Amino acid sequence: MISPTPQQPQQTPGAPQPPHLTEQTDVPQQAPASQAPQEPDPYEETRIERAIGRGFRYATGRALAPYQTAVIRIGFSATWLLFLLREWPHRAVLYGPDSPWSLDMARRLLDANHAFSVLSWSDGRGWFECVYLLAILASALLMLGWRTRTMSVLFMVGVLSLQNRSIFIGDGGDNVIHLMSMYLVLTRCGQVWSLDARRAKRAAAAAGETGEAPTGSRDLPGIILWAVLGLALAAAQLGGNYGLSWFGDGPFPHLGWSLVFWGLWATHGLWWAVQRYAPGEPRVVLDTLAKLAHNGALLVIMIEVCLIYATAGWYKIQGSRWQDGTAVYFPMHLDYFSPWPALSEMLGSNGVMIMLITYGTVIVQVAFPFTLFNRRLKNVLLVAMICEHLSIAFLLGLPFFSLAMITADAVFLPTNFLTWLSARLSGLRERLFSRGGPARPAGGSGGGEPDGRTEHSGGGHTLVG
């Protein structure tokens, strides 16, 4: 049998409680639900914090616009190279010891504007010829994309040295090349369409065949080049050459050119050493800093191009000849700017055409910076500006100015167009030079090049594409 459940005795109101019910026991009692410890709520980011995080990942996640930076690398180096080759017969008069702008005058101007030129170290003909040839060589190698990090620095030195030696030589495009040569030093302009990219692709393919992870190679030519340039810089520093100061006014206040050049030399050596011997976090940190510098320099280039067009357009608005629509008429009737006199006369005699070109130039230059966030309108104005510079090169005889400005405009070219152009050129090259090997599909970018499309929901289009 099962015994019935014992019933608790009922107590009448006011009766004394039994001792076993009033005394405290050793059994722990549970705390009320309101006093129980609770888990902290998970931290939720604010909208501003999420936006900052997305911006940081976008700025440091990858080097943006590889095709656009390759175009400006090729364009500016080719423009400067062609200019130096064209002026080869007159080089000594323009920049050398036969120049009417003497070395003493150049040094006094360099003291005033804190510029840099290796031509200020000596007025000898041999030194000038050496610098001029090195400037040509650096331009050619940068255009081909061989050792782009090193060649971009040598290209900058060549541009600054020649242009700062005789500042009155130029047609406006030299100012653009002057600025862009310094910006290119901070960019990863050899990611595509370069010999460096081809060498990296072959190294990655070789590492894949052996089953090893790709790491930094010994790179004996690069080590020799780095050591030779370091010795040359040390010799120039010990010689006390003009303009090499540590904390004088250089590219920035209280930042001398010696500090800049030695910093770049040490950074290149550190980059190679980390790639070779320190995989993991050191490599990731340096790679992130390099991407940040590249993207920052790219933004500065874009802003610089917008400022060029905005200031040019607003200054034109204030001119009376631009206001009445006759400004284009006058340069077309100057002998100095008339390589094709008959064509200039034909266009200059048409008043409606002159008015349309004059007003159209002002409208396009003023409106372009405000159209960057509208992809279709931006591309239309971009085509209009490129056509405008082509007409300046053909009608006014200013080819290098036009090439420099078209190259600067290329930073806004659509990425899809550049990848399409790369595929077409690759297909044409394979048809011309292949020797029976299998052809790659024409639709891909080819060459192991990075994906040109962006990683956000914008259809692959950004300010630069």
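As a reminder, the structure under discussion sits directly above these lines.
Note that this is a predicted model, so its numbers are computed, not measured. (Residues numbered from 1 in each chain as written. Predicted model: local features only at pLDDT ≥ 70, side-chain atom pairs only at ≥ 80, totals over all residues. Heavy atoms only, no water.)

Asks: Just to check I follow, could you spell out the pattern of salt bridges for this structure?
Replies: Pairing of side chains with opposite charge becomes possible as their charged atoms draw close. According to the stated counting rule, one finds 10 salt bridges in the structure shown. Between R86 and E87 there is a salt bridge, and its shortest N-O distance comes to 2.6 Å. According to the relative accessible area criterion, R86 is partly exposed, its value standing at 46%. Between R321 and D324 there is a salt bridge, and its shortest N-O distance comes to 3.9 Å. Counted as one network, the salt bridges with shared partners bring together R91, D98, R125 and E129. (Salt bridge = Lys/Arg side-chain N within 4 Å of Asp/Glu carboxyl O. Buried < 20%, exposed > 50% of the residue type's maximum accessible area, 1.4 Å probe, protein only.)

Asks: What is the right way to look at unusual backbone geometry in this model?
Replies: Among all residues save glycine, negative phi is the norm, and among peptide bonds the norm is trans. Look at A65: it is not a glycine, yet its phi comes out positive at around 50°. Secondary-structure assignment places A65 in the loop between α2 (47-61) and α3 (66-86). With a phi close to 60°, H114 is a non-glycine residue in the positive phi region. One can find H114 in the loop between α5 (103-113) and α6 (125-144). (Helix = DSSP H or I, 4+ residues; strand = E, 2+ residues; numbered from the N terminus.)

Asks: Explain the packing of aromatic side chains to me, please; I cannot follow it from the model alone.
Replies: Each pair of aromatic rings is reported with the distance of its centres and the angle of its planes. Evaluation of the coordinates by the stated rule reveals 20 aromatic pairs. Pairing W101 with F168 gives two aromatic rings, centres 5.1 Å apart and planes at 80°, and the pair type is edge-to-face. In this pair, W101 is assigned in the loop between α4 (91-94) and α5 and F168 in the loop between α7 (148-165) and α8 (173-184), connecting sequence segments 67 residues apart. For F168, a relative accessible area of 61% translates into the label exposed. Centre to centre, the rings of Y329 and F330 are 5.5 Å apart; their planes meet at 85°, and the pair counts as edge-to-face. A residue is classified by how much of its surface remains accessible, and F330, at 39% relative accessible area, is partly exposed. Members of the aromatic cluster, each reached through a chain of ring pairs, are F116, W121, W127, W257 and F261. R91 extends its terminal NZ or CZ atom over the ring of W88, reaching a point 3.8 Å from the ring centre. The cationic tip of K316 hangs over the ring face of W322; the distance from NZ or CZ to the ring centre is 5.2 Å. (Phe/Tyr/Trp six-rings, centres within 6.5 Å; stacked < 30°, edge-to-face > 60°. Lys NZ or Arg CZ within 6 Å of the ring centre and 35° of its normal.)

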